[in-house]
Amino acid sequence: MAEPLLKVAGLQAWYGESHVLHGVDIEVREGEVVTLLGRNGAGKTTTLRSIMGLVGRRSGSVRFEGQELVSARSDRIARAGIALCPEERGIFASLDVTENLLLPPVVRPGGMDLDAIYTLFPNLKERARSPGTRLSGGEQQMLAIARILRTGAKLLMLDEPTEGLAPVIVQQIGQTIRTIKERGFTVLLVEQNFRFAQTVADRHYVMEHGHVVDAVSNAEMAGAMDRLHGYLGV
Amino acid sequence: MLEDLLFQLQIGLPQVALGLVNGAFYALLSLGLAVIFGMLNVINFAHGAQFMMGAFVAWMMLSWLGIGYWPALILAPLIVGAFGVLLEKTMISRLYKLDHLYGLLLTFGLALIIEGVFRNQFGSSGMPYAPPAALGGPPVDLGFMFMPVYRLWVVVAALVMSLVTWLVIEKTRLGAYLRAATENAALVQAFGVNVPRMITLTYGAGVALAAFAGVLAAPIYSVNPQMGSNLIIVVFAVVVIGGMGSILGSVLTGFGLGLVEGLTKVFYPEASSTVIFVIMAIVLLARPAGLFGRA
Ligand SMILES: Nc1ncnc2c1ncn2[C@@H]1O[C@H](COP(=O)(O)OP(=O)(O)OP(=O)(O)O)[C@@H](O)[C@H]1O
Ligand SMILES: [Mg+2]
């Protein structure tokens, strides 16, 4: 079988002196939607940030399309075709909505064009001139996702895009993730809500204390509920 | 009483106009400081020395190579800006992980060294630099007063340069990168922008602005190694009053305080050299973040 699009092996990461990831192994194949589940503090965000090159000290292996990126700088990782939608969304207050949307440079051909993005997120067009942080939480999340669809990145990493949002918005984000999957993007999604994860993903990894402790395909999910409840404490 | 005041103002108008010219330099220099501070979080104490270098490079070009004012107005900022790039790459960039104070100390030290080297080479008596023929004509009648053409040009050039800088930062894609990186540089870099290079070039651009002001100043003040340090103390007061980091704020405050200084020369000359510092003290007490600063 061909090498997966993303292959993370034995990834370790540190914030200063504190050792947070202790050997994470994840594979994501082209076109898949894969989630990372786990309790608060399990290391999900740190995993995404380490793949993106945003954690100062890291070791192990992060291979993307066969290239080793574990010691690359974050701008080079972005140019290789990986994009992050961060947990705190990272909308810039001094930029208006359009400027926020157009900020990430196009790194490769094959991204969505503006018209397609506005069809997916009509609110962003209506509010084009508002400062980015004047949008509602849901709109900011849409903007944070929308701006990485343009760049041609193949692998989109979304960190808890449904956190703190109303149910209708959560549904809308679910629909968005299914749409971008249909368009051929590959998604690595961090979630706490595994009912939501079930509606969008092909496979799931479970993290605990900086390790991946389990992997479940969506088809197996129903049978694995007890196990998952155990991990996630819900 | 009122007539008295108006009469005084009328005979004092040349002083007020002179204030506007000083204001043009305050505006350009505090603009460069604001650009640098916004991106690097470093207060560039070498700014005055870099202003002086701009004037000297223009002078050297003219007296050694016969290159005139107009080419110097473009070349000197490029040369001094390139020197700034070198400083940032070899020294200043090493300090970003440390407290701001280290950047301040380093640039202050650099200013002393640069000035020392120039004093050693050229002595401290000033050298004249003639304005270009096109701007050396007789004073222009502005209706209410006569103003030397060259000084009028300085005000216009400073306004245009400020406007261009503002447009680049507020209305272009490059400016959007700069504003975004000021908020969250790590994220901008994670989108694929080479942020370290952008920081280097921003420092170079800020230094080039100082050198541009230096070339503008060469025909007005005599070209001498202290010309920067005399001016920069007032400029730092201007920056404190305006609020660090605001582009529009530094331009408005620069011109405004130049005018205030000019008016003080008319009505209460004894206070003209201290009025800016008095305003600074009041602003610091009432609005510590500055008139245009975000607290
Ligand atoms: N900047 C930081 N400095 C030091 N420690 C950190 C930092 N960020 C996170 N940590 C620690 O690293 C561990 C993993 O955090 P991480 O944010 O990756 O968890 P998470 O799985 O994303 O949790 P959540 O569901 O709350 O977002 C936690 O123990 C956290 O306290
Ligand atoms: Mg997290």
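In this text the structure is predicted, and so the values were computed from the model without any measurement.

K.L.:
I'd love a proper account of the sheet that holds strand E3 (residues 33–38) of chain A, names of residues and values included.
P.N.:
What links the strands of a sheet is backbone hydrogen bonding, and the strands pair in either a parallel or an antiparallel sense. Residues and elements named next belong to chain A. The strand order across the open sheet formed by six strands is E6-E7-E8-E3-E9-E10, and the pairing between neighbours is mixed. In the strand order of this sheet, the two ends are held by strand E6 (82–85) and strand E10 (211–217), each with one partner. For this sheet, the mean angle separating the axes of adjacent strands, direction not counted, is 20°. Bridge count for E3 against strand E9 (residues 203–208) is five bridges, and the pairing is parallel. In the sheet register, Leu36 faces E9, and the bridge partner there is Tyr205. Contacts between helix H9 (residues 225–232) and the sheet are confined to E3, E9 and E10, with E10 contributing the most and set at about 150° to the helix.

K.L.:
Break down the pairing of strand E8 (residues 186–190) of chain A for me, citing the residues and quoting the values.
P.N.:
All names here are of chain A. The buried fraction of E8 amounts to five of the five residues, a majority that puts the element mostly inside the structure. Taking every second residue as pointing to the same face, both faces of E8 are buried, with Thr186, Leu188 and Val190 on one and Val187 and Leu189 on the other. As judged from the four bridges shared by E3 and E8, these two strands associate in the parallel manner. Looking at E8, one finds that Thr35 is bridged to Leu189. Here five bridges tie strand E7 (residues 155–159) to E8, and the two strands are oriented parallel to one another. Looking across to E8, one finds that Met157 is bridged to Leu188. Read from E7 through helix H7 (residues 167–182) to E8, the crossover connection turns out right-handed.

K.L.:
If you had to explain the sheet that holds strand E2 (residues 18–28) of chain A to someone new, which residues and values would you point to?
P.N.:
Residues and elements named next belong to chain A. Across the sheet, which stays open at both edges, the four strands sit in the order E2-E1-E4-E5 with antiparallel pairing between neighbours. Across the chains shown, the open sheet's two edge strands, defined by having one partner strand only, are E2 and strand E5 (67–68). Where strand E1 (residues 6–15) lies against strand E4 (residues 57–64), seven bridges are found, and the strand directions are antiparallel. Paired with Trp14 across the strands is Arg57, a residue of E4.

K.L.:
Could you give an account of the packing of aromatic side chains, with specific residues and numbers?
P.N.:
The description of an aromatic ring pair uses the distance of the two centres, along with the angle that the planes make with each other. Enumeration according to the criterion identifies 15 aromatic pairs over all chains in this entry. Ring centres of Tyr69(B) and Tyr150(B) lie 5.8 Å apart, and the angle between their planes is 75°; this geometry places the pair in the edge-to-face category. Placement of Tyr69(B) in helix H3 (residues 69–90) and of Tyr150(B) in helix H5 (residues 149–171) is noted, with a sequence separation of 81 residues between them. On the basis of relative accessibility, which here comes to 5%, the residue Tyr69(B) falls in the buried class. Given a relative accessible area of 5%, Tyr150(B) falls into the buried group. Ring geometry for Trp70(B) and Trp153(B): centres 5.3 Å apart, planes at 70°, overall edge-to-face. Separated by 83 residues along the polypeptide, Trp70(B) in helix H3 and Trp153(B) in helix H5 bring together distant segments of the chain. Here Trp70(B) falls in the partly exposed class, since its relative accessible area comes to 38%. When its relative accessible area of 22% is taken as the criterion, Trp153(B) is described as partly exposed. Through pairs of rings, three or more aromatic residues link up here, namely Phe56(B), Trp59(B), Trp64(B), Phe118(B) and Phe122(B). Here the basic side chain of Arg57(A) rests over the ring of Trp14(A), its NZ or CZ set 4.0 Å away from the ring centre.

K.L.:
Describe the site of ligand 1, naming the residues involved and giving the relevant values.
P.N.:
Residue and element names in this part refer to chain A. The environment of ligand 1 is formed by 13 residues, the closest being Gly41, Lys44, Thr45, Thr46 and Gln192. Within the side chain of Asn40, one N or O atom sits 3.1 Å away from an oxygen atom of ligand 1. Note that an oxygen atom of ligand 1 is positioned 2.8 Å from one of the side-chain N or O atoms of Lys44. No other element matches the three residues that helix H1 (residues 44–51) contributes to the shell around ligand 1. The residue inventory of the shell around ligand 1, partitioned by class, reads three nonpolar, six polar and four charged.

K.L.:
Can you explain the environment of Gly23(B)? Please cite residues and give values.
P.N.:
Residues and elements named next belong to chain B. Residue placement: Gly23 occurs in helix H1 (residues 2–40). Judged by its relative accessible area of 0%, Gly23 falls in the buried class. Taking the C-alpha atoms as reference points, Gly23 and Phe255, 232 residues apart in sequence, are found 4.0 Å from one another. Ignoring any residue separated from it by four or fewer positions in sequence, one finds Gly23 in contact with Gly254, Phe255 and Gly258.

Cut-offs applied
Residues numbered from 1 in each chain as written. Chains lettered and ligands numbered in written order. Predicted model: local features only at pLDDT ≥ 70, side-chain atom pairs only at ≥ 80, totals over all residues. Heavy atoms only, no water. Pairing = 2+ DSSP bridges. Helix = DSSP H or I, 4+ residues; strand = E, 2+ residues; numbered from the N terminus. Axes fitted to C-alpha atoms, helices over the stretch in contact; angles between N-to-C directions. Contact = heavy atoms within 4.5 Å. Buried < 20%, exposed > 50% of the residue type's maximum accessible area, 1.4 Å probe, protein only. Right-handed = clockwise from strand over helix to strand, strands pointing away. Phe/Tyr/Trp six-rings, centres within 6.5 Å; stacked < 30°, edge-to-face > 60°. Lys NZ or Arg CZ within 6 Å of the ring centre and 35° of its normal. Near = heavy atom within 4 Å. Polar contact = N/O pair within 3.5 Å; in protein donor to acceptor, adjacent residues only side chain to side chain. Nonpolar A, V, L, I, M, F, W, Y, C, P; charged D, E, K, R; others polar.

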